[in-house]
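For reference, the chains in residue letters:
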Amino acid sequence: MSAGTDQDLLASVPTGLLVGGAWVAAQGGKTFEVIDPAHGTVLLEVADAGPEDGVAALAAAHAAQEGWARMAPRARAEILRRAFTLVTERAEDFARLITLEMGKPLAESRGEVAYGAEFLRWFSEEAPRISGRYSTAPDGANRLLVRKRPVGPSLLITPWNFPLAMATRKIAPAVAAGCTMVLKPAELTPLTSMLFAQLMSEAGLPDGVLNVIATTRPGEVTGPLIADDRLRKLSFTGSTAVGRRLLAQASDQVLRVSMELGGNAPLIVCEDADVEEAVSGAITAKMRNGGEACVAANRILVHRDVAEEFTRSFVARMESFVLGPGNEDGTTLGPLIDERSRDKVAGMVADATQAGATVVTGGSVPAGAGYFYPATVLTGVTPGMAIVQDEIFGPVAPIVVFDDDAEAVRVANATPYGLVAFVFTRDLDRAFRYSERLESGMIGLNTGVVSNPAAPFGGVKASGLGREGGAEGIEEYLETVYIGIRDPFASEVSD
Ligand code: NAD
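Keep in mind that what you see is a predicted model, and the values were worked out from it rather than measured.

**Considering the overall build of the protein chain**
Helix and strand content of the protein chain: 17 helices and 20 strands. For a compact globule of 495 residues, the expected C-alpha radius of gyration is about 23 Å, and the protein chain comes in at 24 Å, within 12% of that figure. With the C-alpha coordinates aligned to their principal axes, the bounding extent of the protein chain is approximately 85 × 60 × 40 Å. Within the span of the protein chain, comprising 495 residues, buried residues form 56% of the whole. About 19300 Å² of surface is accessible on the protein chain, with carbon and sulfur atoms providing 52% of the total. Where the 44 positive side-chain charges of the protein chain centre and where its 62 negative ones centre are 5 Å apart.

**Description of the site of the ligand**
Within the structure, the ligand sits among 30 residues, and Thr-158, Glu-187, Ser-239, Leu-261 and Glu-391 are positioned closest to it. Contact with the protein chains removes 89% of the 840 Å² of surface that the ligand exposes when unbound. Grouping the amino acids of the shell around the ligand by side-chain chemistry returns 15 nonpolar, 9 polar and 6 charged. When residues of the shell around the ligand are assigned to domains, at least three map to each of domain 1 (6-261 + 463-481) and domain 2 (265-445).

**Overview of the environment of Arg-133**
Tracing the backbone shows Arg-133 in strand 5 (residues 133-136). For Arg-133 and Arg-169, which are 36 residues apart along the polypeptide, the C-alpha to C-alpha distance reads 27 Å. When near neighbours in sequence (up to four residues on either side) are disregarded, Arg-133 contacts Leu-144, Leu-145 and Val-146.

**Observations regarding a nonpolar patch on the surface**
A grouping of Leu-428, Phe-432 and Leu-445 is seen on the molecular surface, where their side chains present a nonpolar patch of about 300 Å² in accessible area. Topologically, Phe-432 is positioned in helix 15 (residues 428-437).

**Re the pairing of strand 7 (residues 154-157)**
Neither face of strand 7 is exposed, since Ser-154 and Leu-156 on one face and Leu-155 and Ile-157 on the opposite face are all buried. Relative to strand 8 (residues 181-184), strand 7 is paired through 4 bridges, and the arrangement is parallel. Bridged to Ile-157 within strand 8 is Lys-184. With respect to chirality, the unit in which strand 7 leads through helix 6 (residues 165-177) into the neighbouring parallel strand 8 is right-handed. With 4 bridges joining them, strand 7 and strand 10 (residues 233-237) adopt parallel strand pairing. For Ile-157, the partnering residue across the bridge sits in strand 10 and is Phe-236.

**Quick notes on the sheet that holds strand 18 (residues 442-445)**
Here we have 7 strands laid out as an open sheet, ordered 14-15-16-13-12-17-18, and mixed in their pairing. Every other strand in the sheet has two partners, leaving strand 14 (358-361) and strand 18 as the edge strands with one partner each. Direction aside, the axes of adjacent strands within the sheet are offset by 25° on average. Relative to strand 16 (residues 396-402), strand 15 (residues 376-379) runs parallel, the two being bridged by 3 bridges. Bridged to Thr-376 within strand 16 is Val-396. Helix-sheet contacts for helix 11 (residues 304-319) involve strand 12 (265-269), strand 13 (297-303), strand 14, strand 15 and strand 16, and the interaxial angle to strand 13 is about 140°. Those strands touched by helix 12 (residues 339-354) are strand 14, strand 15 and strand 16, and its axis lies near 25° from that of strand 15.

**Digging into the sheet that holds strand 6 (residues 142-150)**
In sheet architecture, strand pairing relies on hydrogen bonds along the backbone and comes in two forms, parallel and antiparallel. Pairing in this open sheet of 3 strands is antiparallel, and the strands run 5-6-20 from one edge to the other. Every interior strand has two partners, whereas the edge strands, strand 5 and strand 20 (478-486), have only one. Between one strand axis and the next, the sheet turns by 20° as a mean value, whatever way the strands run. The pairing of strand 5 with strand 6 spans 4 bridges and is antiparallel. If you follow Ser-135 over to strand 6, its bridge partner there is Leu-144.

**Looking at the nonpolar core**
Soluble globular proteins tend to pack their nonpolar side chains together in the buried interior. In this structure, Ile-171, Leu-191, Met-200, Phe-310 and Phe-314 are the most contacted members of the largest nonpolar core, which totals 104 residues. The element that contributes the greatest number of residues to this core is helix 6, accounting for 9 residues. Per-domain counts for this core show at least three residues from each of domain 1 (6-261 + 463-481) and domain 2 (265-445). Of all hydrophobic cores here, the second largest spans 27 residues; its members include Leu-378, Val-381, Val-396 and Ala-408.

**Concerning the packing of aromatic side chains**
If you walk through the whole model with that rule in mind, you get 3 aromatic pairs. A centroid spacing of 5.6 Å and a plane angle of 90° characterise the contact between Trp-160 and Phe-393, whose relative ring orientation is edge-to-face. You can see Trp-160 sitting in the loop between strand 7 and helix 6 and its partner Phe-393 sitting in the loop between helix 13 (386-389) and strand 16, a full 233 residues away along the chain. Assigned by exposure class, Trp-160 and Phe-393 land together as buried. Where Phe-310 meets Phe-314, the ring centres are 5.4 Å apart and the plane angle is 15°; that geometry is what we call stacked. With Phe-310 and Phe-314 both in helix 11 and 4 residues apart, the pair spans about one turn of that helix. For the pair formed by Phe-310 and Phe-314, the shared burial category is buried. Above the face of the Phe-457 ring, Arg-169 is positioned so that its terminal group lies 4.0 Å from the ring centre. We note Lys-233 situated over the ring of Tyr-477; from NZ or CZ to the ring centre the distance is 5.0 Å.

**Here's the deal with helix 8 (residues 218-226)**
If you check which residues of helix 8 are buried, you get Val-221, Thr-222, Leu-225 and Ile-226. All buried residues of helix 8 lie within an arc of 125° about the axis, which places them on one face of the element. Each element contacted by the buried residues of helix 8 is listed here: helix 2 (51-70), strand 7, strand 8, strand 10 and helix 9 (240-253).

Rules and cut-offs
Per chain, residue numbering runs from 1 following the sequence as it is written. It should be noted that, the model being predicted, local features are given only for residues of pLDDT at least 70 and side-chain atom pairs only at 80 or more, the latter also being counted only at that level, while totals for whole chains, interfaces and linings use all residues. Side-chain measures were taken over the full set of non-hydrogen atoms in the model, leaving aside hydrogen atoms and water. The secondary structure listing takes helices from DSSP runs of H or I that are at least 4 residues long and strands from runs of E that are at least 2 residues long, numbered from the N terminus. Radius of gyration: C-alpha atoms only; globule rule: 2.2 Å multiplied by the number of residues to the exponent 0.38. With a 1.4 Å probe rolled over the protein chains alone, any residue whose accessible area is under 20% of its type maximum counts as buried; one over 50% counts as exposed, and the rest are partly exposed. Note that accessible areas follow from Shrake-Rupley with a 1.4 Å probe, and for residues the cover is restricted to the protein chains shown. In summary, the charge assignment counts Lys and Arg as positive and Asp and Glu as negative, without counting His or the chain termini. Charged side chains are reduced to one point each, which is NZ for Lys, CZ for Arg, CG for Asp and CD for Glu. One heavy atom suffices: a residue is near a molecule or strand as soon as one of its heavy atoms comes within 4 Å of it. Put simply, Ala, Val, Leu, Ile, Met, Phe, Trp, Tyr, Cys and Pro go in the nonpolar bin, Asp, Glu, Lys and Arg in the charged bin, and everything else, Gly too, in the polar bin. Segmentation of the chain into domains, including their bounds, is taken from an automatic or database domain assignment. Contacts are residue-level and defined by heavy atoms, with any inter-residue pair within 4.5 Å sufficient. Patches in this entry comprise residues that are over 30% relatively accessible and not in a salt bridge; like charges within 9 Å are linked, as are nonpolar side chains (Val, Leu, Ile, Met, Phe, Trp, Tyr) within 5 Å. Counted as salt bridges are all cases of a side-chain nitrogen of Lys or Arg within 4 Å of a carboxyl oxygen of Asp or Glu. Two strands pair under a simple rule: DSSP has to find at least two bridges between them. Throughout, right-handed denotes a crossover for which the path from the first strand over the helix to the second runs clockwise when the strands point away from the viewer. Convention adopted: a line fitted to C-alpha atoms gives each axis, helices being fitted over their contacting stretch, and angles between N-to-C directions are expressed from 0 to 180 degrees. Nonpolar core, defined: a set of buried Ala, Val, Leu, Ile, Met, Phe, Trp, Tyr and Cys residues in which side-chain atoms within 4.5 Å join the residues together. The criterion for an aromatic pair is that two Phe, Tyr or Trp rings (for Trp, the six-membered ring) have centres within 6.5 Å, with stacked assigned to planes under 30 degrees apart, edge-to-face to planes over 60 apart and tilted to the rest. We call a charge positioned over a ring when the NZ of a Lys or the CZ of an Arg lies within 6 Å of the ring centre and within 35 degrees of the ring normal. Directions are taken from the helix axis to each C-beta atom, and the arc is the one they span.

As structure tokens, then:
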């Protein structure tokens, strides 16, 4: 099932705000343009929410909360399962839409759809398994009943780099737990969320459970919601800078928060690694999503003994990337999301070369429309350079040479971030030593991919709070209630 041409597909996307089950215009009729990053042209105009629209969306979520929380877990699970089936049936439409608004090659968008859909299936299986416990207090006097209940109306803020998966990674556990939601998608890629929200209604999600407000004024719109006592939870995926601001705002109401923030992943290649496997892992970890991923390898640390062999093979693989619009045959590297991001990446490479790094391949902005930047490798990079201190978020791989494990660990941990680290070695003890020493929420051992709906995704330090996916993911949307009960046998004595 596919919507025909790109124009047909775009015409099928709802362009309003979803509030209380109806697609409505923004107050004042404001709209904004969604741009195709491969051509710099307008794809669609969508409603641009203002603060009043945000408050209306929260009011709808609040009104729906009580009834939604009472719906049987199995019924919530069935909605998620139907949504999984519908997304899977329409995978090609979602993939095409992701490529249109975000730019990645179609093959990668298909991968995102499969990954994003899997959160729906995973949490459909978790919904009926929410449980509690009944136990006897240590002194035998009381009984302790512990149950879980939904946190309540949740504000979900998502980034542009995985327009479907970052939304389903929050929506699916919220639905499973029985929370209502206001989703604020990234203004650069709102279309996929809008098409997905329509699909959730088709899957049977009651009106008001999921509300969607795209806006070009995120701070102005979310500020009043975070200050509103009808909101109970804030789940954010995005940059650490914005996350910090939101955390400060959330402290006023002592809101429950989940924060999936920026990363600065080291990828460590030890001298005993299978070098070709390490090269393949590094290519995946660096180039998945064109480097625009929070889990992207930001620093490739290679032992001096294998640095030359690794670099030769890695550069050859980087040179094989074909830059172009994501929906053209043969493209393996799409554009960056916008001009600002492309200029930022180009500026970081220029700074690194000024600081003494060498561009081995790539490194120059191609002429023509679209926000393209080629696969780039830098050697002669030292741990103090800005290119390995900041998140690059582009197809640039800085290679840093190290001499022993202690140095690799020290360099890897010398960052405020701690989302993921990758290690390539054939020595099992060494792999576990690294796993215990690296300050990171996730570790990839001899693999360049860790993301998995069945695993707890998340970071330590400035990379965030909380986990998404796995058995842990649903807990972010549940709170624990304890009921103390008098010893039931106490009354038997007087009976
Ligand atoms: P961003 O922080 O600029 O934007 C993220 C979201 O926050 C968007 O929806 C945006 O509209 C919104 N936003 C921006 N300013 C806001 C404000 N003042 N108040 C409320 N909302 C605001 O980040 P981005 O550029 O969209 O995404 C890239 C960043 O996201 C990178 O740092 C990346 O590492 C991070 N990221 C993290 C994960 C993770 O799971 N840890 C996953 C994907 C992306």
